[in-house]
Every structure is written in C-alpha cells, then in structure tokens.
Amino acid sequence: MRTTLRPRKAAVTTTALTALTALVLAACGGGGDGEARPGPGDATTGTSLKGEKIEVAAVWTGPEQENFTKVLKEFEKRTGATVTFVPAQDPIVNFLGTKIAGGSPPDVAMLPQVGAIQQAAAQKWLKPVGPEAEAQLAANYSPGWQKLGAVDGTQYGVYFKAANKSLVWYNTAVFENAGATEPKTWKEFLTTAETISASGVTPVSVGGADGWTLTDWFENVYLSQAGPAKYDQLAKHEIKWTDPSVAAALTTLAELFGKPALLAGGTSGALQTEYPVSVTQTFTGGDQPKGAMVFEGDFAAVNIAQTKAKIGTDAKAFPFPTVGDGIAPVVTAGDAAVALKDTKGAQALLAFLASPDAARIWAAEGGFLSPNKNLDPAAYPNDVQREIAKALIGAGDDFRFDMSDQMPQSFGGTPGKGEWKALQDFLKNPKDVAGAQARLEADAAKAYRAAAKS
C-alpha cells in the first residue's frame, strides 16, 4: 500500500492545506453510474483490440478490486479486448519476479511503491510508455507526477490512483459525549486523547499488524517536525536513521505509543489489528467503539462505508496535527500502471489509465483520488472528496510523496522486514528509541547497498 529521481510525499501549499483543514466530511458512498463518456480526444476512441487478451496484476482486493474492474470493463467495451485481473501478493515485485521467471508475466502491473518501479526498471522488466500514453501524461499530469513514474529520464509509469495520507478520522458521537474538539497540534491531539479516555472510550485505534500504517505515522510526524529538506534527505538515505531528527520523531511518537491505555486493545491489541479492522472498529458500536480515532488516508472512507456509520455525520476527519513549531504535514502516495509486455494492448491500456475517462469511473464510486488534473471534480460523489481532490491538484508539484514508497522495497515495502518490522518492534517497546534507530539504519544501509548493485 516506493531514481536517481526520488518521488516525494506531499507537503501541500497553504491554500490546499486550508481547504483540507476546512473539511467537514460528507457521505462517501457510490454515485453516478460509473460510466465514462467518450468525448473529443478521449483515450482509446477508435482503438480496436478485438481478440487481444490482456492481464493486469495488482494487490488490490475487496472494494478496490471491484472498482478497478469497472475501469477495465469500460476499456473492454471501447476496444474489444479481453482484460483479466490477476490478484498479486505483497511485495508485488517478488510476485512479478516469479511470474517473469516462469515465462508468464502479466501485460500490465499496478505498482504501489516508487521503489518498486525503480527496482523493476533496474531488472529491465519494464517497457517505456508509448506515444499515446506520453501524450495523455503531458496533457493531464503535472511534471511532478510524471517524474514519479520515470527512471533515469525514461517514462515507465502512469500514476492512476493517489492518496492523501494525512487525515485522522473520528467517531463524532464519542467526541460529542467527551466534549472533545478537533485538535490542530500534536499537543492538542494528546490532550484530546486523554479527554476521550477519561470519558470511558479508548481514544486511538492503530492498525499495527500492517507495518505500512506505522511508516505513515512516522512520516507525518517527521515531515512536520524535521521539515521537507530533511525528509528528502532521509528518503534518499543521504542522512542516516541514527540522525537526531529521527530520534526526535520517534520520541514524539512514543508520547502516544508509550501509553498503552490510549491504544485500542493496548500495545498487543494494536500489534494484532490489521488496517481494515482499525478503521471499522472505530465506527462500530455507536458511541462505545473500541477506538475513537484512527489515522489514515482518504481511502479509509471505503472501510467506513462497510459499517453503518455515515461520513459527515457519524464519521468526520481532521488533518494530521502539526508537531511543535513544524509545518502541517500532508503526505501522498499512489499506484502506477507499468507495462511488462510491449504489446498494442498494454500500451493502449496505459494510455486509457492516463486519461480523465478512466479516472472518472472509479471517482464516481468513492474512496479514490486521481492525480489527473483534467478530471472534472464533479466526478467525485460528494463535496468532501471534491475538496480533497482539489487540494491534491492545487498543490501542483509542491508535495512530498510517501517516504517508504521511495525506498528499496526490501526496506520500505516488505511485510515483516525492514522499516515495517522495525517500527512494529518500536510500537512494542517505544522506550528504545536508540535501538529502533540502530535497526532501521542497519536494514536501510543493507537495502540501499543491494539496490546500488542491482
């Protein structure tokens, strides 16, 4: 759920941040009929791929897989191709390596880490995007989003799905009963957590069983506290994880993680809670949920929709709090389509995914953000998602991309290893800041050495 060119998590402009801060989240269910309506210059218009079979691999499951399948169905209708969704396992680079070794790679894959694009390009698995996709990218994407899909100046990826990973969602009934208000700073956040705890509800739900959620916690704190320049340096491993700025961020996180009473299920419960459950348990049980708040991106709306809670009334969100005198962090991530076969069908699909047409289909279903600047905001099903999307596009290239997604996947994107495992160990023992730093640096140094040799 990572180029010499290093993409960056997003620290958006003040205007965009103000738009996010002002959000009062409203219902996020499906909307529209999900149909893309071709118009002048639309991608794939007139393209015939009748009889061609295309396989697309992605790690998406559940509602995400269902909604992406609707996008692929529209492509089939337009072109006559037959498209098959291939479920992949994390880390997807390992999955693709197995497929390639067996002589049966998919035509297209959705890569959720920038590091995965770099690794796959280094292995010479990827095919550069064709002229049709290049034209769509040039017309519809800012230079920053285009560069995220490039390696050493060659364009391989088309970023189709983006995310704002700097939101804290909360159960409004719990807040009302406790007399709590939306915090703006980390200090206020901790005070709010204590206030909610005193009201009889555990304040924070953490999906610690999925290490990527912990990297997001760290990255938001680090970006706010250390600033964009340090963030870029750490993302490139130009400074070590033993740097004092990392110690400061971990110490800040320990102010929450070091108080098991503030975590749903305590420390052990947080470590056993997978991300989807961390969201649904916050909005199940009325005003007596297992947790009152859960941190994660706009995509949490998909999980909230699986409960009886209504976004905008039962569930709302506020921007991740600023730490000390730092900036208000906004971090983004994304999934990029890449071609593993240089076929007409693969290239046509990349061009389609780079068009507003494809983005419009999933946008109508909710739980989706597009970095495509020419997607009409009206495609989103409610005002909340429109505002989040406008903030993303309004940031232009003034953003920071998910740090762990920029790193070699063996460090920043592998369950049970590297940063994921080190931060899970830190959640278990948040007093050991120096030990966590040493493990992070040892794993990072090993991963970057291996990446340099590949």
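That block above? That's the structure.
Residues numbered from 1 in each chain as written. Predicted model: local features only at pLDDT ≥ 70, side-chain atom pairs only at ≥ 80, totals over all residues. Heavy atoms only, no water.

(A) Spotlight on the overall build of the protein chain. Along its length, the protein chain carries 21 helices and twelve strands. Counting over 454 residues, the protein chain shows a buried share of 61%. Within the structure as shown, the protein chain displays about 16,700 Å² of accessible surface, and the carbon and sulfur contribution to it stands at 52%. (Helix = DSSP H or I, 4+ residues; strand = E, 2+ residues; numbered from the N terminus. Buried < 20%, exposed > 50% of the residue type's maximum accessible area, 1.4 Å probe, protein only. Areas by Shrake-Rupley, 256 points an atom, 1.4 Å probe, with all protein chains shown as cover.)

(B) Broad picture of the pairing of strand β3 (residues 108-111). The two faces of β3 match: V108 and M110 on one face and A109 and L111 on the other face are all buried. Strand direction decides the pairing type here: strand β1 (residues 53-58) and β3, joined by two bridges, are parallel. Residue pairing in the sheet places V56 in a bridge with V108 of β3. Relative to strand β11 (residues 331-339), β3 is paired through four bridges, and the arrangement is antiparallel. Following the sheet pairing, A109 is matched in β11 by V338. (Pairing = 2+ DSSP bridges.)

(C) Highlighting the packing of aromatic side chains. By the definition in use, this model includes 27 aromatic pairs. Ring centres of F68 and F85 lie 6.3 Å apart, and the angle between their planes is 75°; this geometry places the pair in the edge-to-face category. Separated by 17 residues along the polypeptide, F68 in helix α2 (residues 62-79) and F85 in strand β2 (residues 82-87) bring together distant segments of the chain. Across the pair, F85 and F68 agree in class, each one buried. For the pair F68 and W362, a centre-to-centre distance of 6.3 Å together with 40° between the ring planes defines the contact as tilted. (Phe/Tyr/Trp six-rings, centres within 6.5 Å; stacked < 30°, edge-to-face > 60°.)

(D) Structural detail: the nonpolar core. Core analysis: the largest hydrophobic core is formed by 90 residues, its most contacted members being F68 and W169. For this core, the element with the highest residue contribution is helix α15 (residues 344-353), accounting for seven residues. Core analysis: the second largest hydrophobic core is formed by 57 residues, A247, A249, A270 and L440 among them. (Core = buried A, V, L, I, M, F, W, Y, C linked by side-chain atoms within 4.5 Å.)

(E) Region of the structure containing helix α9 (residues 211-226). Spanning 16 residues, α9 covers 22 Å between terminal C-alpha atoms, matching the ideal 22 Å at 1.5 Å per step. Of all 16 residues in α9, 14 are buried, a share of seventy percent or more. Of the residues flanking the end of α9, it is G227, one or two places downstream, whose phi is positive at about 95°. (Expected span 1.5 Å × (residues − 1).)

(F) Here's a closer look at the sheet that holds strand β8 (residues 204-205). The strand order across the open sheet built from four strands is β8-β9-β7-β10, with neighbouring strands paired in mixed fashion. The sheet is open, and its two edges are formed by β8 and β10 (315-319), each paired on a single side. Where strand β7 (residues 167-171) lies against β10, five bridges are found, and the strand directions are antiparallel. Opposite L167, over in β10, you have P319 as the bridge partner. Its contacts with the sheet put helix α8 (residues 186-198) on β7, β8, β9 (293-295) and β10, and the angle it makes with β9 is roughly 145°. (Contact = heavy atoms within 4.5 Å. Axes fitted to C-alpha atoms, helices over the stretch in contact; angles between N-to-C directions.)

(G) Just the pattern of salt bridges, in detail. Here the structure, examined in full by the defined rule, presents 13 salt bridges. Note that K161 and E64 form a salt bridge whose closest N and O atoms lie 3.3 Å from each other. Here the residue K161 occupies a position in strand β6 (residues 158-164), and E64 occupies one in helix α2, the gap between them amounting to 97 residues. By relative accessible area, which is 22% here, E64 ends up partly exposed. Members of the salt-bridge network, linked through shared partners, are E74, K77, R78 and D357. (Salt bridge = Lys/Arg side-chain N within 4 Å of Asp/Glu carboxyl O.)

(H) Up close: helix α4 (residues 114-122). With seven of nine residues buried, α4 is to be regarded as a mostly interior element. Those residues of α4 not exposed but buried are V114, G115, A116, I117, Q118, A120 and A121. The positive-phi residue at the C-terminal boundary of α4 is K124, with phi of around 65°.

(I) A look at the environment of A248. Residue position: A248 is located in helix α11 (residues 244-257). Between the C-alpha atom of A248 and that of V433, which follows or precedes it by 185 residues, the distance is 9.0 Å.

(J) Representation of the packing of α9 against helix α20 (residues 418-428) within the structure. Look at α9 against α20: their axes get within 8 Å of each other, and the N-to-C directions meet at 80°. Accordingly, the angle class assigned to the pair α9 and α20 is roughly perpendicular. Here G211, W212, L214, T215, F218 and E219 of α9 come into contact with α20, specifically with E419, W420, L423, Q424 and L427. A breakdown of the residues in the contact of α9 with α20 according to their chemical character gives six nonpolar, three polar and two charged. (Parallel < 35°, antiparallel > 145°, perpendicular 65-115°, else oblique. Nonpolar A, V, L, I, M, F, W, Y, C, P; charged D, E, K, R; others polar.)

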